[in-house]
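Breakdown of the fold
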Amino acid sequence: MHKSYVIRKGRFTDAQKKAYESLSEKYLIPYKEEELDFESVYNDNLKNKNVTLEIGFGSGLATAEIAQANPDKNYLGIEVHKPGIGRLLWEIEKRGLINIRIIEHDAVFVLDKMIPRGSLEAIHIFFPDPWPKKRHHKRRLVKRPFTQTLAQKLKKDGYIYMVTDWEEYALYALEELENTAEIKNYYNGFAESIDWRPKTRFENKGLLKKHVIRELYFKKI
């Protein structure tokens, strides 16, 4: 399996570093090659047994906002960038959130080894690395057979929600998802913009460059 990321340079602020060092034990789940038991992970907060997985949450601001707006649901974020993890940990503590946990590892391996089949309410993938050079397309996250793994991890009527500002990647991902068993496009082509999703830093950068934001929404059938 190819890695779905590269570690990019970024400033690790004192606040992010402090949050990472002081809060990791409380909110980070160590990577292990064994399936998670969500009831033990979220304890009493798993009333509705709803868990949304977010792959590559970046700074985590959108993750925190969505989790705060939906206290009855639980969120599991996967990220490898320590400054982003530190920022989300800081947001969790500041907002008093009890419904977010984080795994610091490659999403491909986490999905394969740790996420039980048919356990997720939703999967969010907001502005994944487009790997624009053709020789790097093999590193793209949203491609087969990984999309089949995503579909298998969803509950019935669960959904995959992807957003990108890279047109060629949007078309590529649309084709890959439409050729994945067990899921069906909820729209005819690209999805309508969904108003509950907060804008991310990557989205604002894309808009400044006049990129078109493309959204994809597929449901488990």
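Residues numbered from 1 in each chain as written. Predicted model: local features only at pLDDT ≥ 70, side-chain atom pairs only at ≥ 80, totals over all residues. Heavy atoms only, no water.

**Some thoughts on the overall build of the chain**
- The helix and strand inventory of the chain stands at eight helices and seven strands.
- In summary, the chain has a C-alpha radius of gyration of 17 Å against a globular reference of 17 Å for 221 residues, a match within 12%.
- In terms of overall dimensions, the chain has C-alpha extents of about 45 × 35 × 35 Å along its principal axes.
- Relative to its full complement of 221 residues, the chain shows a buried share of 51%.
- Partitioning the contacts of the chain with sequence separation of at least 6, the portion at a separation of at least 24 is 82%.
- When the accessible surface of the chain is summed, it comes to about 11,600 Å², and 49% of that surface belongs to carbon and sulfur atoms.
- Between the averaged position of the 39 positive side-chain charges in the chain and that of its 32 negative side-chain charges there is a distance of 5 Å. (Helix = DSSP H or I, 4+ residues; strand = E, 2+ residues; numbered from the N terminus. Rg over C-alpha atoms; globule rule 2.2 N^0.38 Å. Buried < 20%, exposed > 50% of the residue type's maximum accessible area, 1.4 Å probe, protein only. Contact = heavy atoms within 4.5 Å. Areas by Shrake-Rupley, 256 points an atom, 1.4 Å probe, with all protein chains shown as cover. Lys, Arg positive; Asp, Glu negative; His and termini not counted. Charge placed at Lys NZ, Arg CZ, Asp CG, Glu CD.)

**Some points on the pairing of strand E2 (residues 74–78)**
- Burial analysis of E2 places five of its five residues in the buried class, which makes it a mostly covered element.
- By the alternation rule, side chains of E2 split into Asn-74, Leu-76 and Ile-78 and Tyr-75 and Gly-77, which are all buried.
- Sheet topology note: the strand E1 (residues 51–55)/E2 ladder contains five bridges and is parallel. Across the sheet, the residue bridging to Leu-53 is Leu-76, located in E2.
- In this fold, E1 hands off to helix H3 (residues 61–69), which returns the chain to E2; that crossover is right-handed.
- Examined bridge by bridge, E2 and strand E3 (residues 100–103) share four bridges and lie parallel to one another. Of the residues in E3, the one forming a bridge with Leu-76 is Arg-101. (Pairing = 2+ DSSP bridges. Right-handed = clockwise from strand over helix to strand, strands pointing away.)

**Considering the sheet that holds strand E4 (residues 120–126)**
- Pairing within the open sheet is mixed, and its seven strands lie in the order E3-E2-E1-E4-E5-E7-E6. On the outer flanks of this sheet lie E3 and strand E6 (183–185), each paired with one strand and no other. Going from strand to strand, the sheet's axes swing by 20 degrees on average, the running direction of each strand aside.
- In this structure, E4 lies alongside strand E5 (residues 154–164), joined through six bridges in parallel fashion. (Axes fitted to C-alpha atoms, helices over the stretch in contact; angles between N-to-C directions.)

**Some points on the packing of aromatic side chains**
- Counted according to the given criterion, the structure contains 10 aromatic pairs.
- Centroid distance Tyr-187 to Tyr-217: 6.3 Å. Interplanar angle 85 degrees. Geometry classified as edge-to-face. You can see Tyr-187 sitting in the loop between E6 and helix H8 (201–208) and its partner Tyr-217 sitting in strand E7 (residues 214–220), a full 30 residues away along the chain.
- Through successive ring pairs, a cluster of aromatic residues spans Phe-126, Tyr-159, Tyr-161, Tyr-186, Tyr-187, Trp-196 and Tyr-217.
- Between the NZ or CZ atom of Arg-139 and the centre of the ring of Trp-131, over which it lies, the distance is 5.3 Å. (Phe/Tyr/Trp six-rings, centres within 6.5 Å; stacked < 30°, edge-to-face > 60°. Lys NZ or Arg CZ within 6 Å of the ring centre and 35° of its normal.)

**A short note on helix H1 (residues 14–27)**
- In this model H1 runs 19 Å from its N-terminal to its C-terminal C-alpha over 14 residues, within 8% of the 20 Å that 1.5 Å per residue would give.
- At Glu-21, H1 is deflected by roughly 40 degrees, the largest bend along its length.
- Among the residues of H1, those classed as buried are Gln-16, Ala-19, Tyr-20, Leu-23, Ser-24 and Tyr-27.
- Where the residues of H1 are buried, they touch helix H4 (82–95) and E3. (Expected span 1.5 Å × (residues − 1). Bend = angle between axes of the 7 residues up to and from the residue.)

**Brief notes about the nonpolar core**
- Counting residues in hydrophobic clusters, the biggest one holds 35 residues, and the most contacted among them are Leu-36, Ile-55, Leu-76 and Ile-123.
- Judged by nonpolar contacts, the second largest core, of 27 residues, contains Leu-23, Tyr-75, Leu-89 and Ile-213. (Core = buried A, V, L, I, M, F, W, Y, C linked by side-chain atoms within 4.5 Å.)

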